[in-house]
Amino acid sequence: MVSNGGRPNLEPLEFNLNVLEEAFSKLKRSIWVFHLNTGSCNGCDIEVLDVLTPYFDVERFGIKLVGSPRHADLILLTGPVTIKTISKVVRAIKAMPRPRLVLALGSCGVGGGIWFNTYATLGGYPNLEKILKEAGVEVDKVVYVPGCPVRPEAIIYGAAVLLGLLQPKSKHRRVTAVES
Amino acid sequence: MSYDLNELNEMIEELSRGPRSHAILSKALSVCKDSLLGLSRSGVTIRVKIKANCLRTALENIYKEHDLYFRTMSASDERLREGLIKLYYVFGIDSEGTNIVFEVPVTDGVKVDTISDLFRASDWYELEAHDLVGVEFNGRALRRLVLPDDWPEELYPLRKDVSMDEIKKLYQPQVVSRISELGVEEVVRIPVGPYHPALHEPEYFELYVRGEKVVDARYVGFMVHRGIEKLAESMKYDQVPFLAERICGICGFVHSTSYVQAVEDALGIEVPERAHFIRSIVLEVERLHSHLLWLGVALHLLGYDTGFMHAWRIREKVMVLAELLTGSRKTYGIDLVGGVKKDIDKDKIPKIRETLNQLKKEFKEFVDVATSVPQVRARLTGTGILPRGEARAYSLVGPTARGSGLARDVRKDYTYAAYHYVNFKVPVYTEGDNLARTLVRIDEVFESISIIEQLIDMLPSGPIKAERWEPQPMRLGIGSVEAPRGEVIHVVITDLYGPYRWRVRAPTYQNLQAVPIMLKGVDLADAPLTIASIDPCFSCTDRALIINLKSGNIKTLPLEVISRRRWKDG
């Protein structure tokens, strides 16, 4: 369980799915993003900053980086989720208003990358998803953007796929590694 | 085994590389001749095998030498081979380019005397050796540094007898509440926004403030510990450079180069000249992009976003250049043990020249404007002062040291790759404030452009990698590279198929320990820039925990917000 930090425990709001869908359908442009580094090497992070600066300039689409997950529609999740960041990552995603969107960036975000099997990481977003479920945090839509580091063009494409403006380049298919 | 004095003096005479290493070795070893287990030299590295009980005595004699710096320390579990754990302390004599390695065998149950009061930089190394390998130290407080607080006792991940799968069975990561995370009781009672990770990297500083002034600071970090060194032990020699490059996404190539240099040093591999040139060119391209990135971020933290955007606009040209040279914008992946993977074609050279000329022109224009903005100058001048003496005591590296008047540069002091062919200056400023560190980096951009121009003029022909090389077990190799942030040093102990032990030391590891000194007495608004001025790998926007001592209020805010806000007393 995630502690509420001294706040009174509110009953979880009953979500009307129709309201959620309607909200989601309206979310087409001017999305606000929060950049969540879960122990990444900085490679994806500097590419995220790159798309915000003049050469790629996503602010022309109204995409804006914000300082708090409470203001964000979308989380840009980079890194393989190290064990020391788990608690903070869960709290950050929990703080987002619904609908919660996640763009899992880079090989690490997609499946742990080169760190998929070390003792100090969870191994990317798919494993974090299980922990989020246990903590009762629902995420409404996830798009995976691979690459090491992820290319700036791919980040923009991924955001467009998430909003339903473009079609994904490949279908999502999960392969579970067989442990020896 | 013990040596008599004459025998010892003869050996030191034979092994030393010059007057400085002779003087330092004589001073250190004259008091320890009964505890000396062996003395040898390979290349620029002198290896001293010494019993644990005499290490401190030996170092007490030499810690005041002006050109002796603590470079790194590696703990290695060699119980399966020699029945004990070993510590390798690496010191460097800057004026001579000599490494002195103190090899200390530690038998079970023996405590090693701390040297963290002699060489203050060694503080974290000792904590890390305690966390990961289970070495005990005398005369200092030990706490968890790298691993989480709920990590099981007596489980040391870097010991050879625990496998990755076993560790994963023994430790299940959990979502913990805020109380146990911070270890402070009152924190719970104060409603704070959800404490979430940094915008760019999850690291924390706790700043203790009285009114506007920072009175103390504490670093709470190691959020990005990913178990790299354990992972490398299951990899082959040529797989590790790819792993090394992913240590840091901003300056990854310095890590892979440092690793391959360490292996080449250990096994005595001859690298073709052309490979040395290509490595140097790519290293300088990386420095260009990193310094431009830092400059942009520093201006952003000052609230001068125009400068931020322009710096990143100019930087994009470097990224395109990197892609042209290596096929990748970042994480180039061209390093191999014994050479490089990708050649630089002749027809690329005019394009490199054109880009560099453009870059020089645009950067000059930009810097002239940015550094003459009065607000920028006022915020940079006289803030975050790091005196030369402190920089020396902490063995600081890179632009942080050079901004405090220490002319340390691995490219000059322990020259590697093709740097001895080129002519370049090492910019040094003595003020030790944020402006000095900024100017060092600006000068270095121009130097780097000139270095690349000289290198492509002189690029020799020939092969780009060594034909063949033979791995041998249990050799020690040291490789160091001047990264954009300072000295990167890797220590490798070899095995038949891959490294037996690989110790990575990034420049921030050394420099971060000095940040609390810089922060003491600065205005809160200048704290973010001061932290960023060492160019830590979490430079862009971090989160700080602010505790106001008078009222006991605790707030968490992104660093950029602090820097733009006026704080009222109480």
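Residues numbered from 1 in each chain as written. Chains lettered and ligands numbered in written order. Predicted model: local features only at pLDDT ≥ 70, side-chain atom pairs only at ≥ 80, totals over all residues. Heavy atoms only, no water.

**Section: the pairing of strand β1 (residues 32-37) of chain A**
All names here are of chain A.
Next up, step 1: Along β1, five of the six residues are buried, which leaves the element largely enclosed by surrounding structure.
Next up, step 2: Judged from the two bridges that link them, β1 and strand β2 (residues 64-65) form a sheet pairing that is parallel. If you follow V33 over to β2, its bridge partner there is L65.
Next up, step 3: Bridge analysis of β1 against strand β3 (residues 74-78) gives five bridges, and the strand direction is parallel. Directly across from N37, in β3, lies its bridge partner T78. (Buried < 20%, exposed > 50% of the residue type's maximum accessible area, 1.4 Å probe, protein only. Helix = DSSP H or I, 4+ residues; strand = E, 2+ residues; numbered from the N terminus. Pairing = 2+ DSSP bridges.)

**Description of the nonpolar core**
Next up, step 1: Judged by nonpolar contacts, the single largest core of 121 residues is most densely connected at L128(A), V48(B), L87(B), Y89(B), F102(B), Y259(B) and W502(B).
Next up, step 2: Top element by residues in this core is helix α3 (residues 52-62) of chain B. It accounts for six residues.
Next up, step 3: Both domain 1 (5-141) and domain 2 (193-224 + 511-563) of chain B contribute no fewer than three residues apiece to this core.
Next up, step 4: Setting aside its immediate chain neighbours within four residues, L87(B) contacts M73(B), S74(B), A75(B), F102(B), E103(B), V104(B), V106(B), V112(B), V135(B) and F137(B).
Next up, step 5: Counting 95 residues, the second largest nonpolar core, distinct from the first, contains I250(B), I314(B), Y419(B) and I456(B). (Core = buried A, V, L, I, M, F, W, Y, C linked by side-chain atoms within 4.5 Å. Domains from an automatic or database assignment. Contact = heavy atoms within 4.5 Å.)

**Digging into the sheet that holds strand β5 (residues 141-145) of chain A**
In sheet architecture, strand pairing relies on hydrogen bonds along the backbone and comes in two forms, parallel and antiparallel.
All names here are of chain A.
Next up, step 1: If you walk across this open sheet you meet the five strands as β2-β1-β3-β4-β5, and the pairing is parallel. Since the sheet does not close on itself, it has two edges, and those belong to β2 and β5, each with one partner.
Next up, step 2: Relative to the sheet, helix α5 (residues 125-134) contacts β3, β4 (101-105) and β5, its axis offset from that of β5 by approximately 160 degrees.
Next up, step 3: Where helix α6 (residues 152-162) meets the sheet, it contacts β3, β4 and β5, and its direction lies at approximately 155 degrees from that of β5. (Axes fitted to C-alpha atoms, helices over the stretch in contact; angles between N-to-C directions.)

**Structural notes on the sheet that holds strand β14 (residues 499-505) of chain B**
All names here are of chain B.
Next up, step 1: The strand order across the open sheet built from three strands is β12-β13-β14, with neighbouring strands paired in antiparallel fashion. The sheet is open, and its two edges are formed by β12 (476-483) and β14, each paired on a single side. Averaged over all neighbouring strand pairs, the angle between strand axes comes to 15 degrees, with direction disregarded.
Next up, step 2: Direction of pairing for β12 relative to strand β13 (residues 486-494): antiparallel, over a ladder of eight bridges. If you follow I478 over to β13, its bridge partner there is V491.

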